[in-house]
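Architecture at a glance
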Amino acid sequence: MYSCPWSFLKDEKKHIISLVGGGGKTTIMYELAQLFAAQGRKTVAMTTTHIWQPQENSLAKNIQQLEAMWKKGAYAVIGNLEQGTHKLVVPSAVLLEQAIAASEIMLVEADGAKQMPCKVPAAHEPVLLAASDIVIAVVGMDAFGKTMEEACFRWQLAKYIFVNECNLLLDENKLAKIIVSENGSRKNIGSRDFYVALNKCDVVEKARVQALQNILVGYGIDKEKIWLRGKR
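Below you will find a few notes about this structure. (Residues numbered from 1 in each chain as written. Predicted model: local features only at pLDDT ≥ 70, side-chain atom pairs only at ≥ 80, totals over all residues. Heavy atoms only, no water.)

Turning next to the packing of helix α6 (residues 172–180) against helix α7 (residues 206–218). For any two helices packed against each other, one specifies the inter-axial angle together with the distance between the axes. One can describe the packing of α6 onto α7 by two numbers: an axis separation of 9 Å at closest approach and a directional angle of 45 degrees. Classified by the angle between their axes, α6 and α7 sit oblique to one another. In this structure, the crossing between α6 and α7 has a hand that is right-handed. Note on element contacts: α7 touches α6 through Arg208, Ala211, Leu212, Ile215 and Leu216, opposite Glu172, Asn173, Leu175, Ala176, Ile179 and Val180. Classifying every residue of the contact of α6 with α7 by side-chain character gives eight nonpolar, one polar and two charged. (Axes fitted to C-alpha atoms, helices over the stretch in contact; angles between N-to-C directions. Helix = DSSP H or I, 4+ residues; strand = E, 2+ residues; numbered from the N terminus. Parallel < 35°, antiparallel > 145°, perpendicular 65-115°, else oblique. Left-handed = near helix turned anticlockwise from the far one by under 90°. Contact = heavy atoms within 4.5 Å. Nonpolar A, V, L, I, M, F, W, Y, C, P; charged D, E, K, R; others polar.)

Here is the structure:
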């Protein structure tokens, strides 16, 4: 977790963490899962939408397999296979309830973006578990300089954020508005703690990333809740 400032990574509390927004959510979810498992925390990863199966053998089909993976010091992934796509979808209600009760950390990909850098959610999105206490908004810095149509999933819905500017080039101010808007990344978060992962920071000028970070701080997001994620 290179350069990540998030305090909840080491607070030893039980958390249900939802990831929303643009591309990079699955990668970050598994990265967090590895970190928590290495701390000896009973960690589960799953989705309320769709995700690709993990390459490693970490899929647990029942509570017994879940607990066996924890005993080995590994995290477990739960979910049902969707016919046709071979993607994972939400697990059975029974296994979900058992996993929530038994785990210390649950990581949930709660949004889909077709691997595009940013996302404006539809009416039915994101799909947050009621018990989720942390939401992480993921935005790819490769969105800079592209139009909404090129870089933002469900870009047409940006009209509720930008009015007449929805298909102009994405810059620091527009990405910040998507992140902080209740029609954007903050949709339905309620009283949950809100964190931001600015992904692929290594693909753009450092000054642009810092400018976006400063704008988010100006909107009231604590600097320590913003992760500037890039290659080591």
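The strand order β3-β2-β6-β1-β8-β10-β11 describes an open sheet built from seven strands, whose pairing is parallel. Edge positions in the sheet fall to β3 (76–77) and β11 (226–228), since each has one partner strand and no second. Pairing geometry for strand β1 (residues 15–21) and strand β8 (residues 134–140), over five bridges, is parallel. Bridge pairing in β8 places isoleucine 17 opposite isoleucine 134. (Pairing = 2+ DSSP bridges.)

Counting across every chain of the model gives eight salt bridges. Aspartate 142 serves as the salt-bridge partner of lysine 200, at 3.3 Å between the closest nitrogen and oxygen. Of the two residues, lysine 200 sits in the loop between β10 (193–199) and α7 while aspartate 142 sits in the loop between β8 and α4 (148–151), which places them 58 residues apart along the sequence. Lysine 200 gets classed as partly exposed once you look at its relative accessible area, which sits at 39%. The partly exposed category is assigned to aspartate 142, whose relative accessible area is 23%. (Salt bridge = Lys/Arg side-chain N within 4 Å of Asp/Glu carboxyl O. Buried < 20%, exposed > 50% of the residue type's maximum accessible area, 1.4 Å probe, protein only.)

Grouped together as the largest cluster of nonpolar side chains are 51 residues, with contacts concentrated most on Leu66, Met106, Met141, Leu175, Ile179, Leu198 and Leu216. The leading source of residues in this core is α6, at five residues. Setting aside anything within four residues of it in sequence, one finds leucine 216 in contact with Ala176, Ile179, Val180, Val196, Leu198, Ile221 and Ile226. With 27 residues, the next largest nonpolar core counts Phe36, Val77, Ile105 and Tyr195 among its residues. (Core = buried A, V, L, I, M, F, W, Y, C linked by side-chain atoms within 4.5 Å.)

As a further point, take helix α2 (residues 63–71). Of all the positions in α2, only Ile63, Leu66, Met69 and Trp70 are classed as buried. Viewed end-on, α2 has its buried residues packed into an arc of 120 degrees, placing them on one side of the element. For α2, the exposed residues lying more than 90 degrees away from the buried face are Gln64 and Lys71. Along its buried surface, α2 packs onto β2 (43–47), β3 and α3 (93–102). Of the residues flanking the start of α2, the one acting as N-cap is asparagine 62, its side-chain oxygen 3.1 Å from the backbone nitrogen of glutamine 64. (Arc of directions from axis to C-beta. Polar contact = N/O pair within 3.5 Å; in protein donor to acceptor, adjacent residues only side chain to side chain.)

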